[in-house]
Amino acid sequence: MPRLKLTIAYVGTGFHGWQTQARKDKVVPTIQGIVEAQIARISGCPVHLHGAGRTDAGVHAEAQVAHVDVPEAKGDIDWQVALNTSLPPGIRIVEAVRAPDDFHAQHHAIRKTYDYRLWLSRRYTPPWLHPFVWACGPLDVARMDEAARFLVGTHDFASLRNAGTDVLSTVRTMLSITRRPSGPLPAEATCGRAVLTWRFEADGFLKQMVRNSMGLLVAVGRGKLAADDIPAILAAGDRRRAPATAPAHGLTLKRVWYA
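Throughout, a residue's number is its position along its own chain's written sequence, starting from 1. Whole-chain, interface and lining totals are the exception, using all residues; otherwise, since this is a predicted model, local features are given only for residues with pLDDT of at least 70 and side-chain atom pairs are given and counted only at 80 or more. With hydrogens and water excluded, all non-hydrogen atoms of the structure serve as input to the side-chain values.

Asks: Looking at this model, I keep getting lost on the overall build of the chain. Mind explaining?
Replies: Think of it this way: any DSSP run of H or I at least four residues long counts as a helix, any run of E at least two long counts as a strand, and we number them from the N terminus. The number of helices and strands found in the chain is 6 helices and 12 strands. Relative to the compact-globule value of 18 Å for 259 residues, the chain shows a C-alpha radius of gyration of 20 Å, a close match. Its C-alpha atoms give the chain principal-axis dimensions of roughly 60 × 40 × 40 Å. Here the chain holds 259 residues, and the buried ones make up 49% of them. Should any heavy atoms of two residues lie within 4.5 Å, those residues are counted as being in contact. Here the contacts in the chain between residues at least 6 apart in sequence split such that 72% fall between residues at least 24 apart. The method behind every accessible area is Shrake-Rupley, applied with a 1.4 Å probe, and residues are considered shielded solely by the protein chains displayed. Looking at the chain as shown, the accessible area adds up to about 12,500 Å², and 52% of this sits on carbon and sulfur atoms. The sign given to each residue is positive for Lys and Arg and negative for Asp and Glu; His and the chain ends receive no count. To locate a charge, take atom NZ for lysine, CZ for arginine, CG for aspartate or CD for glutamate. In the chain, the 32 positive side-chain charges and the 23 negative ones have mean positions that sit 7 Å from each other. In this treatment the radius of gyration is a C-alpha quantity, and the globule benchmark scales as 2.2 Å times the residue count to the 0.38 power. Per-residue accessibility, obtained with a 1.4 Å probe over protein chains only, is compared with the maximum for each type, and a residue is labelled buried under 20%, exposed over 50%, and partly exposed between these values.

Asks: Where do I start with the environment of Val171 in this structure?
Replies: By the secondary structure assignment, Val171 is in strand S10 (residues 171-180). By relative accessible area, Val171 is classed as partly exposed at 41%. Residues Val171 and Phe205, spaced 34 residues apart in sequence, show a C-alpha to C-alpha distance of 9.3 Å.

Asks: Can you walk me through the packing of helix H3 (residues 141-151) against helix H5 (residues 209-221) in this structure?
Replies: The axes of two packed helices give the description: the angle between them and the distance between them. To obtain each axis, a line is fitted to C-alpha atoms, and for helices this fit is confined to the stretch in contact; angles are then taken between N-to-C directions over 0 to 180 degrees. In contact at an axis separation of 8 Å, H3 and H5 are set at 140° when each is read in the N-to-C sense. Two packed elements cross with a definite hand, and for H3 against H5 that hand is right-handed. Contacts between H3 and H5 involve Arg143, Met144, Ala147, Ala148 and Leu151 from the former and Ser213, Met214, Leu216, Leu217, Val218, Val220 and Gly221 from the latter. Taken together, the residues of the contact of H3 with H5 break down into 9 nonpolar, 2 polar and 1 charged. Helix crossings get a hand from a simple test, with the near helix turned counterclockwise from the far one by less than a right angle marking a left-handed crossing and a clockwise turn marking a right-handed one. Following the grouping adopted for this structure description, the nonpolar residues are Ala, Val, Leu, Ile, Met, Phe, Trp, Tyr, Cys and Pro, the charged ones are Asp, Glu, Lys and Arg, and the polar ones are all others, Gly among them.

Asks: Looking at this model, I keep getting lost on the pairing of S10. Mind explaining?
Replies: Note on strand geometry: in a regular strand, side chains alternate between the two faces of the sheet. When DSSP finds at least two bridges between two strands, those strands are taken to pair. Here 4 bridges tie strand S9 (residues 153-156) to S10, and the two strands are oriented antiparallel to one another. Bridging across to S10, Gly153 finds its partner in Met174. Relative to strand S11 (residues 195-202), S10 runs antiparallel, the two being bridged by 6 bridges. Bridge pairing in S11 places Thr178 opposite Arg199.

Asks: Would you mind showing me how to read unusual backbone geometry here?
Replies: Most peptide bonds adopt trans geometry, and most residues besides glycine take a negative phi value. Here Arg180 and Pro181 are connected by a cis peptide whose omega angle stands at -5°. Structurally, the position occupied by Pro181 is in the loop between S10 and helix H4 (187-190). Even without being glycine, Gln208 reaches a positive phi, approximately 60°. For Gln208, the position within the fold is in the loop between S11 and H5.

Asks: Is there a simple way to explain the nonpolar core in this structure?
Replies: For soluble globular proteins, nonpolar side chains are generally found buried alongside one another. Definition used in this section: a nonpolar core is a set of buried Ala, Val, Leu, Ile, Met, Phe, Trp, Tyr and Cys residues joined via side-chain atoms within 4.5 Å. Residues Leu6, Ile39, Leu118, Trp198, Phe200, Met214 and Leu217 are the most contacted members of the largest nonpolar core, which totals 68 residues. Element by element, the count of residues in this core is highest for H5, at 7 residues. Ignoring sequence-local partners within four residues, the contact set of Met214 consists of Tyr116, Leu118, Met144, Trp198, Phe200 and Ala246.

Asks: Would you take a moment to explain the pairing of strand S1 (residues 3-10) for this structure?
Replies: With 7 of 8 residues buried, S1 lies mostly within the body of the structure. Bridge count for S1 against strand S5 (residues 60-69) is 7 bridges, and the pairing is antiparallel. In the strand pairing of S5, Ile8 is matched with Gln64. In terms of strand pairing, S1 meets strand S6 (residues 91-99) through 8 bridges, oriented antiparallel. Its bridge partner being in S6, Leu4 is matched across the sheet by Arg98.

The values are spatial; any link to function lies outside them.
Written as structure tokens, this is what we have:
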């Protein structure tokens, strides 16, 4: 059976995350479930869509990657067009290409990039930004920059991992944490009228690790923690030692990398 590699963009608002779920006699809308159902309809047989990772309810993606095996007779159709004409407007196929038979969207990924967007005001949020930013209020970004350096590198990130997924190890390598705009914030940002974007790139992420990292940096930016508190928080290996998880809707999966 031909194997397809799909690159999928979606607005997570209104969906219960990536992974298919069933709740007491009803199926809740998920990205995987909806896309999988349309592939099965076109294929004329059941299929299973394997994603590069699970995004939470409300999290967005510009380039989630997935693979699926389809019947030989359906291998050469234009899957991008076929799916985009039937998927809801909040989900779109960016690319659909044939992949090697042994390609695996999750197991072959070597790193991932996420963006988290903050709106530096609590007075109002532009309606067109509301589904995509955390209106967290003013922040001391210099303190956040200092704190971010403690998260870069290879660490045990158990303190920044929420329960719910079994893993063999909680050690990950955070390759970089950057922000835009860099340097001192422009005047409109310091007045709370600009988006501040933090980019996290790692060889892999634990459950809600990006959102917990963002929550930690915001706590530092609000003066609730010192930057040099972070090594002790990581060393504790205890989720209770770290601040609350940042809201889902500020987070976007930007890219999944392959060798």
